[in-house]
Structures are given as structure tokens and as C-alpha cells.
Amino acid sequence: MNTPPPSLGLPIVYLVDDEDVVRDALAWLLRSRRLLSEGFASAEAFEAMLDAKSPAALAEWPVAP
């Protein structure tokens, strides 16, 4: 999946599923509703993305989904 533009002021929906077809279908649905998404094949990949974020970026992370 393509990585969305860094910051357009819009929330990003993170999709975590081990099936490409599921992530692709959900990403398409979200795009059709003009929402940004980023897909991850595993929880580990999602957590690695979080670990790579700077402390300042994590401070802005929402408390609740």
C-alpha cells in the first residue's frame, strides 16, 4: 500500500491485518470516503512504526481511538 502524505491535517486510520486483500479493500473504502489510511501486515510492523516516531510526535498521539 502507498504511504499517505505526511500531514494534511486529517486523521489517519491505521489498518492492521495479515491479509493483503482485507487491507486493500478497507483502504479503498476509506479512500472512497475521503479518509487517509496506512496498512500494516502485523501488529509488530505497526509497533515498529510507532517506535520509529519521535517523542514529540508521540506526545501528539491521541489518548483514545
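Everything discussed here concerns the structure shown above.
Being a predicted model, the structure only gives us computed values, none of them experimental.

So, how was this worked out
Residues numbered from 1 in each chain as written. Predicted model: local features only at pLDDT ≥ 70, side-chain atom pairs only at ≥ 80, totals over all residues. Heavy atoms only, no water. Phe/Tyr/Trp six-rings, centres within 6.5 Å; stacked < 30°, edge-to-face > 60°. Helix = DSSP H or I, 4+ residues; strand = E, 2+ residues; numbered from the N terminus. Buried < 20%, exposed > 50% of the residue type's maximum accessible area, 1.4 Å probe, protein only. Patch = residues over 30% accessible without salt bridge, like charges linked within 9 Å, V, L, I, M, F, W, Y side chains within 5 Å. Areas by Shrake-Rupley, 256 points an atom, 1.4 Å probe, with all protein chains shown as cover. Salt bridge = Lys/Arg side-chain N within 4 Å of Asp/Glu carboxyl O. Pairing = 2+ DSSP bridges. Right-handed = clockwise from strand over helix to strand, strands pointing away.

> Please clarify how the packing of aromatic side chains should be interpreted in this entry.
Geometrically, a pair of aromatic rings is defined through the distance of the ring centres and the angle of the planes. On inspection of all chains with the given rule, the structure shows three aromatic pairs. Plain terms: the ring middles of Tyr-14 and Phe-40 are 6.0 Å apart, the flat faces sit at 45 degrees to each other, and that makes the pair tilted. Of this pair, Tyr-14 sits in strand β1 (residues 12-16) while Phe-40 sits in strand β2 (residues 36-40), and the two are 26 residues apart along the sequence. The exposure class assigned to Tyr-14 is partly exposed, which follows from its relative accessible area of 24%. Using a relative accessible area of 8% as the deciding quantity, one classes Phe-40 as buried.

> Quick question: what am I supposed to make of a nonpolar patch on the surface here?
Residues Val-21, Val-22, Leu-26, Trp-28 and Leu-29 make up a contiguous nonpolar surface patch of about 460 Å² in total accessible area. Turning to its location among the elements, Trp-28 is positioned in helix α1 (residues 20-32).

> Explanation requested: the pairing of β2 in the structure shown.
Consecutive side chains of a regular strand alternate in pointing toward one face of the sheet and then the other. Burial within β2 is extensive, with four of its five residues counted as buried. Relative to β2, β1 runs parallel, the two sharing five bridges. If you follow Val-13 over to β2, its bridge partner there is Ser-37. Read as a crossover between parallel neighbours, the route from β1 over α1 to β2 is right-handed.

Any link to function would need more than the numbers given here.
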